[in-house]
Amino acid sequence: MCETDLVHAHEGVSLADDAPIALFRSVFPTTRFPELPDALRLSGSVTAALTASGIVDYVRTSTRLTSKQATATQGLNLRISEGAPILRSVGVDLDPEGRPVQYGRTWFAGDRVTLTLDADGSGQV
């Protein structure tokens, strides 16, 4: 993907026990996934929509975490104060052939989540 390529953007709020824990924005190349918005509307799931678009496997190739302060809009959506700590995750997903699938940003309410990253992907600490 190039900076000038058109993309589909998918945004939302992730909830746990009816409380917002994260805001997300994912972008997908439109030339590769022209029907993705329809698949997202039908399934409500990025994984299911990608499967419907022919992507049965993909991998997160990079994740960057940065501490930020919530903007007024982020605070409103996450039900936290403007300036409260949030954790921003920026990730890139590629298919097995190394082609871009998804570029995503997620903003987590800093006091509601624990993220565990490990080298082997097992989730075991």
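Refer to the structure presented above.
Residues numbered from 1 in each chain as written. Predicted model: local features only at pLDDT ≥ 70, side-chain atom pairs only at ≥ 80, totals over all residues. Heavy atoms only, no water.

Caption draft 1: Highlighting the side chain of Thr30. Of note, Thr30 is situated in the loop between β2 (19–29) and α1 (36–43). What Thr30 contacts, discounting residues up to four positions off in sequence, is Leu6, Val7 and His8. (Helix = DSSP H or I, 4+ residues; strand = E, 2+ residues; numbered from the N terminus. Contact = heavy atoms within 4.5 Å.)

Caption draft 2: Broad picture of the sheet that holds strand β3 (residues 59–69). Spatial ordering of the open sheet is given by β1-β2-β5-β4-β3, a layout of 5 strands whose pairing is antiparallel. Pairing within the sheet leaves two strands with one partner each, and these edge strands are β1 (7–16) and β3. Here the average twist between neighbouring strands, direction ignored, is 15°. Relative to strand β5 (residues 100–109), strand β4 (residues 85–94) runs antiparallel, the two sharing 9 bridges. Of the residues in β5, the one forming a bridge with Ser89 is Thr106. (Pairing = 2+ DSSP bridges. Axes fitted to C-alpha atoms, helices over the stretch in contact; angles between N-to-C directions.)

Caption draft 3: Quick peek at the nonpolar core. If you look at the biggest cluster of nonpolar residues, it comprises 10 residues: Phe28, Phe33, Leu36, Ala39, Leu40, Val46, Ala49, Leu50, Ile55 and Val101. With residues up to four places along the chain from it excluded, the contact list for Leu50 reads Phe28, Phe33, Leu36, Ile55, Tyr58 and Val101. Core analysis: the second largest hydrophobic core is formed by 7 residues, Leu23, Leu78, Ile86 and Trp107 among them. (Core = buried A, V, L, I, M, F, W, Y, C linked by side-chain atoms within 4.5 Å. Buried < 20%, exposed > 50% of the residue type's maximum accessible area, 1.4 Å probe, protein only.)

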